[in-house]
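Read off the chains here:
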2 protein chains.
Amino acid sequence: MADISFETAHTADAPAFVAPTLVESVMATIRQRILARSLTPGARLPSIRAFAKSMRVSKSTVVEAYERLAAEGAIRSRPGSGFYAAGSLAPLSLAEIGPRLDRAVDPLWVSRQSLDAGDEVLKPGCGWLPASWMPQAGLRRALRTAARTDDVALADYGTPLGLPPLRQLLARRMAGHGIEVSPEQIILTESGTQAIDLLCRFLIEPGDTVLVDDPCYFNFHALLRAHRAKVVSVPYTPSGPDIDLFAQALAEHRPRLYITNSAIHNPTGAILSPVTAHRLLKLADQSDLTIVEDDIFADFEHASAPRLAAFDGLSRVVQIGSFSKTLSASVRCGFIAAPRDWIDGLTDLKIATTFGGGRLAAELVLTLLKDGSYRKHMDLLRARLARAMAETGTRLKAIGITPWIDQPAGLFLWCGLPDGVDAAEVARRALADNVVLAPGNAFSLSQTASRFLRFNVAQCEDPRIFKVLEAAMAR
Amino acid sequence: MADISFETAHTADAPAFVAPTLVESVMATIRQRILARSLTPGARLPSIRAFAKSMRVSKSTVVEAYERLAAEGAIRSRPGSGFYAAGSLAPLSLAEIGPRLDRAVDPLWVSRQSLDAGDEVLKPGCGWLPASWMPQAGLRRALRTAARTDDVALADYGTPLGLPPLRQLLARRMAGHGIEVSPEQIILTESGTQAIDLLCRFLIEPGDTVLVDDPCYFNFHALLRAHRAKVVSVPYTPSGPDIDLFAQALAEHRPRLYITNSAIHNPTGAILSPVTAHRLLKLADQSDLTIVEDDIFADFEHASAPRLAAFDGLSRVVQIGSFSKTLSASVRCGFIAAPRDWIDGLTDLKIATTFGGGRLAAELVLTLLKDGSYRKHMDLLRARLARAMAETGTRLKAIGITPWIDQPAGLFLWCGLPDGVDAAEVARRALADNVVLAPGNAFSLSQTASRFLRFNVAQCEDPRIFKVLEAAMAR
């Protein structure tokens, strides 16, 4: 736990979700040191006496931990001279770095369950719309259009920044949210996730501190672990991050970066208020903080909420977006809108790590945006989601599950369970009945959301979900 | 230069390509320390006297360098107390890390020129086939087929490993090269570059040493810079890496990883001999070296050459492939075949950094592989490339440019220029005439390939190329 730490600016009490035995804690600490290379292959482990003292455990606990690690092959003993880290390759394992979570609330596990689920599985916990809610007719038409396009579009690499007419169109769309941006400040990527990944590569070093919301989109945790960042979280309120604790986290941890969704927050559905946005940017200016504003839910809004990028004029705020949630997750296309003087460096990194982007995906998205089918689709989708939101809210309330805020825009209802009911336990039971839920602690660095579940209202049409939920809570 | 070093196992003399002034050298050193964070914002710079001594330059040179850096805003002076690194964000810049190359032989610059080039530009230096050489009819048919496929394929995320029937088919194809692999050991990625990037994330840490061939595919240099690896190169011979120097590099630098193409080597077109393959794997075993075998040119072979992955049985060798060179670079699809116990960790990393893969691209590739159009296309393509290879070779010899080996398979002819002619200079002149060349030193870590150019024979049909070349060499 020493090397890559996950902390929270909460003062709230944060019980460890799984209480490991002392032996397991010692083992985890050593494993993490090996993975994080503070113990390189062949390096001598701390002596049993010294380690027992520093971990505040008994020597017999350390002896037992070292012996079990040796049995696993992670370390080797040399009689008379102590224990050594094993010499073989210890590849980066996301599952091992950071707090060892129960697999049912491990962010990656939730993603994998949702991505892997077959047709028989219901997925109220997943983060995207059912395929049948996507603009299928438009997608099919765009594919037929692509089949008649020129050779270069079908077979060549994209240009370094990505398809120019799509970047022009994105710049015009962002102007609609008050963000002044030139097409030359927009870089296309394979997805929103890849956009954030590229920015992390550009902006942070291993060991740098990054602020996230608590709760936040769970893949931010996994992505930041992959970058070996130190992650600190700030509680999210219905109008944005708790600004006093945000200021405190800045002073205490001096983070380089803050990653957030400001338009429609995932998982809570909350919307940043103009007052909070203004105070947040003032704090960011004072402490030279860079902000990545993940705006992939922008088009689900009923009315345009404040954007940090709009207030800031893309100087210390960079925005990312994608069409995976609104058009298709099969046709991958995301984008970054960044300060002008970052573009060259970002483009070099993009070429180095992905070479040319996927031109076909950009062409398909452009076709759908240009012919009006995207706008019509989104109008219908917002209305359909509003109905599903109302209906899901009613059904959840009927079984004692309470939305945190009333009728948010977007896909998600962040809900509290009745007192004494543990979301991870409910998720485990529901999974046995083929229902994938998203337990609160998967989104919470401080592990203080054990009473919450996130529901995707578009995936909640099947009444069996509520029967399974009710049964899982009753046991 | 202290922090991220580029070394070579060559003993050959390696003249600096551009001779920077002493002041510029001092400036570059400071800039690199700032970028690599060995000088963090606010940190005091070495005193003028101490730095002059350690750089073996005069104090006035350091004064001049510090003043110019202060004028640029990279550092700040505090009267009476010396110079300090400026406090603002210093994002990772690939262009600044590593040796400062002339932009004309900077690997990223060559990529960007090729990716950005308009129709009026001839690109014998680029790394891919003209769009018209790709299976356009098949691609168009595959798009029409996709337009009739089910909703899920068009709109949903792919499964974590990627489309199962495509992975099954890839496993069968690899069996044809003698590589025994289960579909569960294959992970689809967005591209070959992304496959290598994912493996680097999984296998190496900043500061680890990685071996590459000299010359090698230039984007390996850029990618490894992005991973902050220390890169060491070993000269490539017509039958594979120079095995004695390879052994020497292993002993001296203890690299974690070796990245190579063994079937058809880029840029040389050489093919690994069975003897070299065997000796190389023995050395790898002895020093616990992992090997990434980039096999993206596999389908251009006339006869199947040895694969390291086949000899090794995917235990310390991992293979990657893609269809960007043979089918389409617009429809992005690559893959990794890896040891079984890496798959979980690689999949977690893939989800964290790209979430689901692009399912549509996988569906399109599967359609083309299944309906036989890929096989027919490749048969025709190999014959067409063999003709272009012969023709380009003849035209080059006529103007005094000599292929390094005779009639290799694949796309590339690695050629020596007449004595005294500098490839980078020729490339600069040709660019003024709208011809993008690939000068040897873009591929050479040791910068010992200043007499070489890489020609893509499929991009050499236009006779103007040879006129421009001749003129550029004559000047």
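In case you missed it, the structure is sitting above this.
Residues numbered from 1 in each chain as written. Chains lettered and ligands numbered in written order. Predicted model: local features only at pLDDT ≥ 70, side-chain atom pairs only at ≥ 80, totals over all residues. Heavy atoms only, no water.

## A word on the environment of B:Gly125
Using the following cut-off: Per the convention used, a helix needs a DSSP run of H or I reaching at least four residues, while a strand needs a run of E reaching at least two, with both numbered from the N terminus. By definition, residues are in contact when any of their heavy atoms lie within 4.5 Å.
By the element assignment, B:Gly125 lies in the loop between helix H4 (107-116) and helix H5 (136-147). In this structure B:Gly125 touches B:Val436, B:Leu437, B:Ala438 and B:Arg454, once residues within four positions along its chain are discounted.

## Re the packing of helix H16 (residues 423-432) of chain A against helix H17 (residues 464-474) of chain A
All names here are of chain A. Going by this rule: Note on method: axes are straight lines fitted to C-alpha atoms, helices fitted across the in-contact stretch only, with angles between N-to-C directions ranging 0 to 180 degrees. Convention used here: angles under 35 degrees read as roughly parallel, angles over 145 as roughly antiparallel, angles from 65 to 115 as roughly perpendicular, and any remaining angle as oblique. It is the rotation of the near helix from the far one that decides the hand of a crossing: anticlockwise by less than a right angle makes it left-handed, clockwise makes it right-handed.
It is the contact of H16 with H17, at a shortest axis distance of 9 Å, that shows an interaxial angle of 125°. Here H17 runs oblique to H16, going by the angle between their axes. Here the hand of the crossing between H16 and H17 comes out right-handed. Residues Val426, Arg429 and Ala430 of H16 form the contact with H17, whose own contacting residues are Val468, Leu469, Ala472 and Met473.

## Digging into the side chain of B:Glu190
Just so we agree on the cut-off: Partly exposed residues are those whose accessible area sits between 20% and 50% of the maximum for their type, while under 20% is buried and over 50% is exposed, using a 1.4 Å probe and protein chains only. Charged residues are defined here as Lys and Arg on the positive side and Asp and Glu on the negative side; His and the ends of the chain fall outside this count. By convention in these notes, a salt bridge is any Lys or Arg side-chain nitrogen within 4 Å of a carboxyl oxygen on Asp or Glu.
Along the polypeptide, B:Glu190 turns up in the loop between strand E4 (186-189) and helix H8 (192-203). Of the side chains with opposite charge, A:Arg332 lies nearest to the buried B:Glu190, which makes no salt bridge, at 4.4 Å. The residues contacting B:Glu190, other than those within four sequence positions of it, are A:Glu190, A:Arg332, B:Arg332, B:Cys333, B:Gly334, B:Thr354, B:Gly356, B:Gly357 and B:Gly358.

## Some words on the packing of H8(B) against helix H9 (residues 218-226) of chain B
Residue and element names in this part refer to chain B. Relative to each other, H8 and H9 sit at 40°, their axes nearing to 11 Å. On the basis of their axis angle, the class for H8 and H9 is oblique. For the pair H8 and H9, the sense of crossing is right-handed. In this structure, H8 uses Thr193, Ile196, Asp197 and Cys200 to contact H9, whose residues at the interface are Asn219, Phe220, Leu223 and Leu224.

## Brief notes about the nonpolar core
Put simply, the rule reads: For the purposes of this section, nonpolar cores are sets of buried Ala, Val, Leu, Ile, Met, Phe, Trp, Tyr and Cys residues that join through side-chain atoms within 4.5 Å.
The biggest cluster of nonpolar side chains holds 293 residues, and the ones touching the most others in it are A:Leu166, A:Phe455, A:Leu469, B:Leu166, B:Phe455 and B:Leu469. Ignoring anything within four residues of it in the chain, the contact list for A:Leu166 reads A:Leu188, A:Cys333, A:Ala362, A:Val365, A:Leu366 and A:Leu369. Judged by nonpolar contacts, the second largest core, of 18 residues, contains A:Met27, A:Leu39, A:Val57 and A:Leu69.

## Some points on the sheet that holds strand E15 (residues 452-456) of chain A
All names here are of chain A. The line we're drawing: We treat two strands as partners when DSSP finds at least two bridges between them.
Strand order in the open sheet formed by four strands is E12-E13-E15-E14, and the pairing between neighbours is antiparallel. Each edge of the open sheet carries a strand with a single partner, namely strand E12 (402-403) and strand E14 (438-439). In terms of strand pairing, E14 meets E15 through two bridges, oriented antiparallel. In the sheet register, Pro439 faces E15, and the bridge partner there is Leu453.

## Some words on H17(A)
Residue and element names in this part refer to chain A. Test applied: As used here, the arc belongs to the directions running from the helix axis to the C-beta atoms.
Listed as buried for H17 are Ile465, Phe466, Val468, Leu469, Ala472 and Met473. Across the axial projection of H17, the buried residues extend over an arc of 160°, all falling on one side. Seen from the open side of H17, the exposed residues pointing more than 90 degrees away from its buried face are Lys467 and Ala474. In this structure, the buried residues of H17 make contact with helix H15 (373-398), H16 and E15.

## A word on the packing of aromatic side chains
To describe a pair of aromatic rings, you give the distance between the ring centres and the angle between the ring planes. The test is simple: Aromatic pairing here means that ring centres of Phe, Tyr or Trp (its six-membered ring) are within 6.5 Å. Orientation follows from the plane angle: under 30 degrees is stacked, over 60 is edge-to-face, and everything else is tilted. Throughout this description, the term charge over a ring refers to an Arg CZ or Lys NZ atom that lies within 6 Å of the ring centre and within 35 degrees of the ring normal.
Across all of its chains, the model carries 32 aromatic pairs over all chains by this definition. Relative to A:Phe443, the ring of A:Phe218 has its centre 5.0 Å away and its plane inclined at 45°; by these criteria the two rings are tilted. On the criterion of sequence distance, the pair formed by A:Phe218 in helix H9 (residues 218-226) and A:Phe443 in the loop between E14 and E15 is long-range, its members being 225 residues apart. Accessibility expressed as a relative area gives 5% for A:Phe218, which makes it buried. Three or more aromatic residues link up through ring pairs in this structure, and these residues are A:Tyr217, A:Phe218, A:Phe220, A:Trp414, A:Phe443 and A:Phe452. Sitting over the ring of A:Phe452, A:Arg451 keeps its end group 6.0 Å from the ring centre. Of note, B:Arg454 hangs over the ring of B:Phe412, and the distance from its end group to the ring centre comes to 3.9 Å.

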